[in-house]
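# Geometric and topological summary
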Amino acid sequence: MPDVQLVLRSTRVITPEGTRPASVTVADGRIVDVLPHDAEVPPGARLEDVGDDVLLPGLVDTHVHVNDPGRTEWEGFWTATRAAAAGGITTLVDMPLNSLPPTTTVDHLRTKREVAAARAHVDVGFWGGALPDNVEDLRPLHDAGVFGFKAFLSPSGVDEFPALDREQLDRSMMEIARFGGLLIVHAEDPHHLASAPQQGGPKYADFLASRPRGAEVTAITTLIEQARRHGARVHVLHLSSSDALPLIAGARREGVAITVETCPHYLTLTAEEVPDGASEFKCCPPIREAANQDVLWQALADGTIDCVVTDHSPSTADLKTDDFATAWGGISGLQLSLSAVWTEARKRGHDLQDVVRWMSTATARLVGLDARKGAIAAGRDADFAVLAPDETFTVTPAALQHRNRVTAYAGRTLYGVVRSTWLRGERVVTDGEFTEPKGQLLTRPS
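I will try to describe carefully the structure that is included in this document. Just so it is clear, the model here is predicted, and its values are computed rather than measured. (Residues numbered from 1 in each chain as written. Predicted model: local features only at pLDDT ≥ 70, side-chain atom pairs only at ≥ 80, totals over all residues. Heavy atoms only, no water.)

## Observations regarding the pattern of salt bridges
In this structure the tally under the stated criterion is 33 salt bridges. Salt-bridge contacts for R427 lead to E48; the nearest nitrogen and oxygen are separated by 3.0 Å. With R427 in strand β17 (residues 426-430) and E48 in strand β4 (residues 46-49), this residue pair connects regions lying 379 residues apart in the sequence. Classification of E48 as buried rests on a relative accessible area of 17%. D123 is the salt-bridge partner of R424, the closest N and O atoms lying 2.5 Å from each other. Note that R424 is positioned in the loop between β16 (413-423) and β17 and D123 in strand β8 (residues 123-126), a separation of 301 residues in sequence. Assessed through its relative accessible area of 15%, R424 is described here as buried. Through salt bridges with shared partners, a single network forms among R30, D123, R372, K373, D381, D383 and R424. (Salt bridge = Lys/Arg side-chain N within 4 Å of Asp/Glu carboxyl O. Helix = DSSP H or I, 4+ residues; strand = E, 2+ residues; numbered from the N terminus. Buried < 20%, exposed > 50% of the residue type's maximum accessible area, 1.4 Å probe, protein only.)

In structure tokens, the structure reads:
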């Protein structure tokens, strides 16, 4: 056993067994043990006592659009991973679209990895993409280490990443099931969307009507039917409609391997509060009403929804016009996700143990990294966030690390100040001061 090099001590350490005073020992980037709070510091080890601040496992965000290379004016690995680190996120998985080229072939994956390698302040993995014409590329991408495959059932917003129709979804899912891969799906039915009223203009109510809940329900029904037929593993991305929850719960009872995520903006923002023309609130599927939000929280509490991820999807400010029909749809949330979710969770009677389960443990499990990430336990990577949970701050766009500092959270007062973030036992950010990039590129465990 290597000699312990670091001891992190707190009166509140979140472990799989509960929150307790503890000293966490670290050697060669891994957690050696979780000891009593007053355990003796081994000879030669450095002690970092964070007092009453909470020590939690670094968050794992499995839904991030970095857009690098190709649309780096929207974001990039340098800025996205700094924002992640500032928000207590130590691992992210990059979506295959909005970069040029998209991650839909092994060559394109290689390009993405080359760009990310020297710029990552946190650990980074990659999703592959399932397109109408790349079924033959899916197995090679799987073998090259992507964590699964993203597909759209309705237009993605970018021409180079077209959606799958029902037959194409069937072909891709059948191929992915053959090698035991994971298919992750933007589930909105295009026919349902096409039949909805399309007003355009600045009124949020008109935009909300253009993306009805039924579009999600219909698409998820199709997804469940095909997953049942092929014995495939599928994951529903960014669920906003609570109407789909009974379908998902029922499919699980029948043995369908389906998981589901939601996002901080669906849990903390409501349609009733979105000002007309404020397209910083636009995302697809959309932010829905407060009553819908209440049911999403209930589903998190009972386990129907597995995890919470950001769906960080930035753009340049000029694309956020006051016309909801034409404005880019995406919310930037990497730096603020932990604080935003914690602020609402504490109001609803949840504790930080719950937040860690949704935003670290479950997400690590989703992508097969739960042997390394997602918990403070012996043998895991020494990835931590130090949080002052009772301190507040007001969101100021200028303080964000995102390349484009457009945010739906501007002016909000949030609980939970991230004091520092640690990656494999090394501090990567403290009170806004960053080290040089220390992130590694991750591949799917074999």
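Next comes the rest of the description.
## Notes on the packing of helix α3 (residues 135-143) against helix α4 (residues 166-178)
One can describe the packing of α3 onto α4 by two numbers: an axis separation of 9 Å at closest approach and a directional angle of 30°. In this view, α3 runs roughly parallel relative to α4, as classed from their interaxial angle. The way α3 lies across α4 gives a crossing that is right-handed. From α3, V135, L138 and R139 reach across to α4, where they touch R171, S172, E175 and I176. (Axes fitted to C-alpha atoms, helices over the stretch in contact; angles between N-to-C directions. Parallel < 35°, antiparallel > 145°, perpendicular 65-115°, else oblique. Left-handed = near helix turned anticlockwise from the far one by under 90°. Contact = heavy atoms within 4.5 Å.)

## Considering the pairing of strand β3 (residues 30-35)
Here strand β2 (residues 18-27) pairs with β3 via 5 bridges, running antiparallel. Paired with V24 across the two strands is V34, which belongs to β3. Connecting β2 to the next strand, β3, in antiparallel fashion are 2 residues, including D28 with a positive phi near 50°. (Pairing = 2+ DSSP bridges.)

## Observations concerning the sheet that holds strand β6 (residues 59-64)
The strand order β6-β7-β8 describes an open sheet built from 3 strands, whose pairing is parallel. Strands at the two margins of the open sheet, each flanked by one partner only, are β6 and β8. Each strand axis lies, on average, 20° off the axis of its neighbour in the sheet, ignoring direction. Bridge count for strand β7 (residues 89-94) against β8 is 4 bridges, and the pairing is parallel. By the bridge assignment for β8, D94 is matched with F126.

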